[in-house]
Amino acid sequence: MDARKRLNELIHANKELAFENEQKEKRVEELIIANKELVFQNREKEKRAEELIIADKELNFQKEEKAKRAEELIIADKELDFQKEEKEKRADELMIANKELVFQNREKEKRADELTLANKELAFQNELKEKRAAELITANKELAFQNEEKEKRADELVIANQELSYQNKEKEKRADELIIINKELEQFAHANKELKQFAYIASHELKEPLRTIGNYIQIINEDSLEKLDEKTGEYLRVIENSTKRMSILINSLLHFSRLGANKKLSNVHCKVIIDSVLSDLTGVIESSRATIEVSEMPKLNVYEIEFRQLFQNLITNAIKFHRKGSFPKIQIRSEKINDNYRFSVSDNGIGIDPKHFDRIFDIFQRLDNNEEVFEGKGIGLAYCKKIVQLHRGEIWVESELGKGSTFYFTIFPILSV
């Protein structure tokens, strides 16, 4: 038990000793830190001593500067006193000057008021002058305008008188022309009436024997053709063909005599008529591979059915009489010459010898061609001539063999719109 106590006491003494050693080490460390702090404070004190030395020097310098400033202030006070005296003198002078200035300003105000009144008066006078000037300018412009208008009216009256004189002369000419045309129309109507009567009588008188001949030929063909020899049969065929051709010619003569009997004047566009003709001739145009160019066309008062027949005949001829080895090229044009309209139908066909120019417009006239015989009745261009005459115009041709033809026709001005 004693040994255990001793052991516990030793252990407790060792712990106490260890604790005291730890406390000593802490004291040593604290002393070290205190020494470091003391060294740091000594250094700081040295710095503060140096700063105090510098501050003393600075303070001494400032004292010297203050002494200098005091001396300068004494001098400045003296200068200020002098300036105050000068300012008082100047203030007195300014008071006198201000009084003088006030007086001058009053004088100037009086002069300004007088000038304002004078300027207002002058401005009023200038306004009056400007108004007078503006009124004079307006009056002059109005006078100049009236003079110009009078001159224009005078020129217009001169032109109107000239135009009226020209119109009167034209009316007199038209009246004379109408008298002549009426006489010609009367003669033409009389001749046309006689022609119609002749054509009607001749066609009916000729049709009956032709019909009889045709009937007998038909009877012979039906009953006795096998009894006839070949030569007699050929004769009968020639007679039959001649009879048919003569019947066609008689019918054509009747149609020609009746042309224009039921004419009706219509206001139509020529391009519409030509397009209608070309539409009807589509098959012929495509089979011949023809190209047709139509220029700008006018709008006219015409006999529509007859005018359509005119273009149809000319276009058909232009296609039919084309050269071998070439395709028809046709140009249809119109142009206004003075008050007239002139139309033309040109082709690149076989052409016409100039010696036949007059004959081709006669009825039943056909031109022989050494190389080729063209089908037709020989009445198409006669139709064209009569239709153009119905429209009081003229028709003619310009052509050269092998180089195509151009047919021209005109329309009388009183029919144009």
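Anything mentioned here points back to the structure above.
Residues numbered from 1 in each chain as written. Predicted model: local features only at pLDDT ≥ 70, side-chain atom pairs only at ≥ 80, totals over all residues. Heavy atoms only, no water.

## Examining the overall build of the protein
So, step 1. The secondary structure content of the protein amounts to six helices and seven strands.
So, step 2. In the protein, the succession of helices and strands from N to C terminus is α-α-β-α-α-β-β-α-β-β-α-β-β.
So, step 3. Counting over 417 residues, the protein shows a buried share of 22%.
So, step 4. Summarising the internal contacts of the protein: among those between residues at least 6 apart in sequence, 71% fall at separations of at least 24. (Helix = DSSP H or I, 4+ residues; strand = E, 2+ residues; numbered from the N terminus. Buried < 20%, exposed > 50% of the residue type's maximum accessible area, 1.4 Å probe, protein only. Contact = heavy atoms within 4.5 Å.)

## A word on the nonpolar core
So, step 1. Residues Phe 307, Phe 311, Phe 343 and Phe 409 are the most contacted members of the largest nonpolar core, which totals 37 residues.
So, step 2. At seven residues, the largest contribution of residues to this core is made by helix H5 (residues 304–320).
So, step 3. If near-sequence neighbours (up to four positions away) are discounted, Phe 311 is found in contact with Ile 273, Ile 274, Val 277, Ile 332, Phe 343 and Phe 409. (Core = buried A, V, L, I, M, F, W, Y, C linked by side-chain atoms within 4.5 Å.)

## Considerations on the sheet that holds strand S6 (residues 395–399)
So, step 1. Taken in spatial order, the five strands make up an open sheet running S2-S4-S5-S7-S6, and their pairing is mixed. Two strands in the sheet have a free side with no partner beyond their single neighbour: strand S2 (291–294) and S6. Along the sheet, successive strands turn relative to each other by an average axial angle of 15°, direction set aside.
So, step 2. Note that S6 and strand S7 (residues 405–411) share five bridges and pair antiparallel. Residue Val 397 lies in a different strand from S7, and its bridge partner there is Phe 407. (Pairing = 2+ DSSP bridges. Axes fitted to C-alpha atoms, helices over the stretch in contact; angles between N-to-C directions.)

## Notes on the packing of aromatic side chains
So, step 1. Evaluation of the coordinates by the stated rule reveals eight aromatic pairs.
So, step 2. With centroids separated by 5.1 Å and ring planes inclined at 10°, the aromatic side chains of Phe 343 and Phe 409 adopt a geometry described as stacked. Remark: Phe 409 occurs in strand S7 and Phe 343 occurs in strand S5 (residues 340–346); sequence separation between them is 66 residues.
So, step 3. The class for Phe 409 is buried, based on a relative accessible area of 0%.
So, step 4. Relative to Tyr 408, the ring of Trp 396 has its centre 5.5 Å away and its plane inclined at 15°; by these criteria the two rings are stacked. Placement of the pair is Trp 396 in strand S6 and Tyr 408 in strand S7, with a sequence separation of 12 residues.
So, step 5. Residue Tyr 408 is classed as buried on the basis of its relative accessible area of 16%. (Phe/Tyr/Trp six-rings, centres within 6.5 Å; stacked < 30°, edge-to-face > 60°.)

## Quick look at the pattern of salt bridges
So, step 1. In this structure the tally under the stated criterion is 19 salt bridges.
So, step 2. For Glu 30, the salt bridge goes to Arg 27, with nearest N and O atoms at 4.0 Å. With a gap of three residues between them, Glu 30 and Arg 27 both fall in helix H1 (residues 2–223), about one helical turn apart.
So, step 3. Residue classification places Glu 30 among the partly exposed residues on the basis of a relative accessible area of 45%.
So, step 4. Here Arg 111 and Glu 107 are joined by a salt bridge, their closest N and O atoms 3.8 Å apart. One end of the pair is Arg 111 and the other is Glu 107, both in helix H1 and four residues apart, which spans about a single turn.
So, step 5. Judged by relative accessible area, Glu 107 falls into the partly exposed class, the value being 25%.
So, step 6. Among the charged side chains, a network of salt bridges with common partners joins Glu 44, Lys 47, Arg 48 and Glu 51. (Salt bridge = Lys/Arg side-chain N within 4 Å of Asp/Glu carboxyl O.)

## Brief notes about the side chain of Ser 266
So, step 1. Tracing the sequence through the fold places Ser 266 in strand S1 (residues 265–269).
So, step 2. On the basis of relative accessible area, Ser 266 is assigned to the buried category, the value being 17%.
So, step 3. Ignoring anything within four residues of it in the chain, the contact list for Ser 266 reads Leu 300, Asn 301, Val 302 and Glu 304.

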